[in-house]
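# Commentary on secondary and tertiary structure
The chain contents come next:
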Amino acid sequence: MNEPTLRQLRFLVAVADHGSLQAAARALHMSPTGLSLGLDELEHVIGVPLTVRRRAKGAALTPAGRAVVAQAREIHTAVTELSTIANQLHGKLVGSVGVGCFPSLSPTLIPELLERLEQTYPELQVEVLESPADELQARLREGDLELACMFESQVDPDLEFIRLMPTQSRVQISPRHRFGRRRGLRLAELVEERLVLLDIGPHAEATLALFGDRGLTPRILASTANIETVRSLVARGMGYTITMARVMRHDSIEGWPLVYIPLTDPLPENSVVVAHRPDVSLTARAEAVFASLRSIGISTGQIQNSPNR
């Protein structure tokens, strides 16, 4: 019995992606006639019609055609991964990998990650997406990302995560503020001060929940999704913010100083984590990214050995 070839499957996927023989043929740099013959051969091997081809209306997939396309995409991914593994055996890792990062973590994770990967796998391309946690998780589910760095408290139950390092909630404030020389602060002490809220997805909700869970309501000076704007307002002494950032930057973009004071309230534990889909095996490229992220955690002296949920 004959079996479908990768070339024939690639023809069918192109028709599914482009909607007509002419457009698919252009994408494949071949003639529509040659493409049509290749589809005829595939349908003969499979034994059922896979496409409905009409000159005026383009090409549509039959139910069997849609099922074959779904399998063909998985086969293409597997073949690509075999090539990646072969390159890795020769000390090379090529191709691209999608990695997401929560914006407040990105400045202290992504530059070091890319530098480490460039030194080890110079041909690996990392496509970085900085977005709120809900967007990152949606893109993980859709397959656009393989990994996403965020806080443990932000991860939805249907995803798995691996802990990298613990975090501690701190008050970011100007040293000129009346609380600027304190060694610890309670949320109740901050209620009468003005809060500069980093308004990025669940981060804002979590910050407000710290107060709400204790029956407190903070005074909000401003809400902004721009981290530098938050730092600048705080550094000018106009208010404070709550941060769980991995590295504490001690000045604003304008050069004004900042200090960080631990919250002394009993708060839930939290960590920086790498989230991923539990039903999809990580590619060799994603494994390399995770290894580098873990190395960053180890270098901080705070690596956590608790693996998955």
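These lines cover the structure that appears in this document, whether it is placed above or below. Given the structure is predicted, the values throughout are model-derived calculations rather than measurements.

What counts and what doesn't
- Every residue gets a number counted from 1 within its own chain, in the order that chain's sequence is written.
- Per-residue local features are limited, in this predicted model, to residues with pLDDT of at least 70; the limit for side-chain atom pairs, both in listing and counting, is 80 or more; totals at the level of whole chains, interfaces and linings are taken over all residues.
- Each side-chain value is worked out from all heavy atoms of the structure, with water and hydrogens disregarded.
- Note on conventions: DSSP H or I runs of at least 4 residues are helices, E runs of at least 2 residues are strands, and numbering of each starts at the N terminus.
- Type-normalised accessible area, obtained with a 1.4 Å probe on protein chains alone, sets the label of each residue: buried when under 20%, exposed when over 50%, and partly exposed for intermediate values.
- Working rule for contacts: check all heavy atoms of both residues, and any pair within 4.5 Å makes them a contact.
- Exposure was quantified through the Shrake-Rupley algorithm and a 1.4 Å probe, taking into account, for residues, occlusion by the shown protein chains and nothing else.
- To define a nonpolar core, start from buried Ala, Val, Leu, Ile, Met, Phe, Trp, Tyr and Cys residues and group those joined through side-chain atoms within 4.5 Å.
- An automatic or database domain assignment is the source of the domain bounds shown.
- Our arc is simply the arc of the directions from the helix axis toward the C-beta atoms.
- Grouping into patches uses exposed residues only, defined as over 30% relative accessible area, and leaves out salt-bridged ones; the cut-off is 9 Å for like charges and 5 Å for nonpolar side chains (Val, Leu, Ile, Met, Phe, Trp, Tyr).
- Any carboxyl oxygen of Asp or Glu within 4 Å of a side-chain nitrogen of Lys or Arg constitutes a salt bridge here.
- Strand pairing requires that DSSP identify at least two bridges connecting the strands.
- Comment: axis = line fitted to C-alpha atoms, over the contacting stretch for helices; angle = value between 0 and 180 degrees taken between N-to-C directions.
- Here a Phe, Tyr or Trp ring, Trp counted by its six-membered ring, pairs with any other such ring whose centre lies within 6.5 Å, and the pair is stacked when the planes are under 30 degrees apart, edge-to-face when over 60, and tilted otherwise.
- When describing relative orientation, an angle under 35 degrees is termed roughly parallel and one over 145 degrees roughly antiparallel, while 65 to 115 degrees is termed roughly perpendicular and anything else oblique.
- Nonpolar residues are Ala, Val, Leu, Ile, Met, Phe, Trp, Tyr, Cys and Pro. Charged residues are Asp, Glu, Lys and Arg, and all others, Gly as well, are polar.

### Overview of the overall build of the protein
Per the secondary structure count, the protein includes 10 helices and 12 strands. For the protein, buried positions account for 45% of its 309 residues. Within the protein, contacts between residues at least 6 apart in sequence are counted, and of these 72% link residues at least 24 apart. In the structure as shown, the protein presents an accessible area of about 16100 Å², 51% of it carried by carbon and sulfur atoms.

### Observations regarding the nonpolar core
In terms of nonpolar packing, the biggest core is built from 51 residues, with M150, V289 and L293 touching the most fellow members. Take this core: its biggest share by element is seven residues, from helix α10 (residues 284–299). Looking at which domains feed residues into this core, each of domain 2 (93–165 + 271–305) and domain 3 (169–266) gives three or more. When residues no more than four places from it in sequence are discounted, the contact partners of M150 are F102, L105, A133, L136, Q137, V155, S271, V272, V273 and A275. Counting 18 residues, the second largest nonpolar core, distinct from the first, contains V13, L35, L39 and L50.

### What to know about helix α6 (residues 133–142)
Taken residue by residue, α6 has A133, L136, Q137 and L140 as its buried positions. One side of α6 carries all its buried residues, which in axial view fall inside an arc of 95°. Packing partners of the buried residues in α6 comprise β3 (95–101), β4 (124–130), β5 (147–151), α8 (202–212) and β12 (270–276). Directly after α6, the chain includes G143, whose backbone phi takes a positive value near 90°.

### Overview of α8
Side chains that are three or four residues apart share a direction in an α-helix, a result of its 3.6 residues per turn. Among the residues of α8, those classed as buried are H203, A204, T207, L210 and F211. End-on, the buried residues of α8 take up no more than an arc of 120°, which puts them together on one face. At its buried positions, α8 is contacted by α7 (187–190), β8 (194–198) and β10 (241–243).

### Thoughts on the environment of L113
Here L113 lies in helix α5 (residues 106–120). Along the backbone, L113 and I296 are 183 residues apart, and their C-alpha atoms lie at a distance of 7.6 Å. When sequence neighbours within four positions are dropped, the list of residues in contact with L113 reads V289, S292, L293 and I296.

### So, a nonpolar patch on the surface
A contiguous nonpolar patch, built from L6, I75 and V79 and spanning about 220 Å² of accessible area, is present on the exposed surface. Of the residues examined, V79 reaches a relative accessible area of 33% and is grouped as partly exposed.

### Topic: the sheet that holds β5
Spatial ordering of the open sheet is given by β4-β3-β5-β12-β6, a layout of five strands whose pairing is mixed. Since the sheet does not close on itself, it has two edges, and those belong to β4 and β6 (160–167), each with one partner. Taken pair by pair, the neighbouring strands of this sheet meet at an average axis angle of 20°, ignoring direction. Strand direction decides the pairing type here: β3 and β5, joined by three bridges, are parallel.

### Notes on the sheet that holds β10
Strand order in the open sheet made by the three strands is β10-β7-β11, with antiparallel pairing throughout. Only two strands of the sheet have a single neighbouring strand rather than two, namely β10 and β11 (259–262). Adjacent strand axes in the sheet meet at a mean angle of 35° when their direction is disregarded. Across four bridges, the pairing between strand β7 (residues 170–173) and β11 is antiparallel. Along β11, the bridge assignment pairs V171 with I261. Helix α9 (residues 227–235) rests against β7 and β10 of the sheet, and its axis sits at about 70° to β7.

### Focus on the packing of aromatic side chains
Within the structure shown, the criterion is met by one aromatic pair. An angle of 70° between the planes, with centres 6.0 Å apart, marks the rings of F102 and F151 as edge-to-face. In this pair, F102 sits in the loop between β3 and α5 while F151 sits in strand β5, placing the two residues 49 residues apart along the sequence.

### Notes on the packing of helix α2 (residues 21–28) against helix α3 (residues 32–46)
When two helices pack together, their arrangement is given by the angle between the helix axes and by the axis-to-axis distance. Two elements in contact, α2 and α3, have axes separated by 9 Å at closest approach and are oriented at 100°. Judged by the inter-axis angle, α2 sits roughly perpendicular to α3. The residues of α3 that touch α2, namely those facing L21, Q22, A24, A25 and L28, are P32, L35, S36 and L39. Looking at the contact of α2 with α3, its residues break down into seven nonpolar, two polar and no charged.

### So, the pattern of salt bridges
Going through the model one piece at a time under the given rule, you end up with 16 salt bridges. Between E193 and R178 there is a salt bridge, with the nearest N and O atoms lying 2.5 Å from each other. Placement of the pair is E193 in the loop between α7 and β8 and R178 in the loop between β7 and α7, with a sequence separation of 15 residues. The buried category is assigned to E193, whose relative accessible area is 12%.

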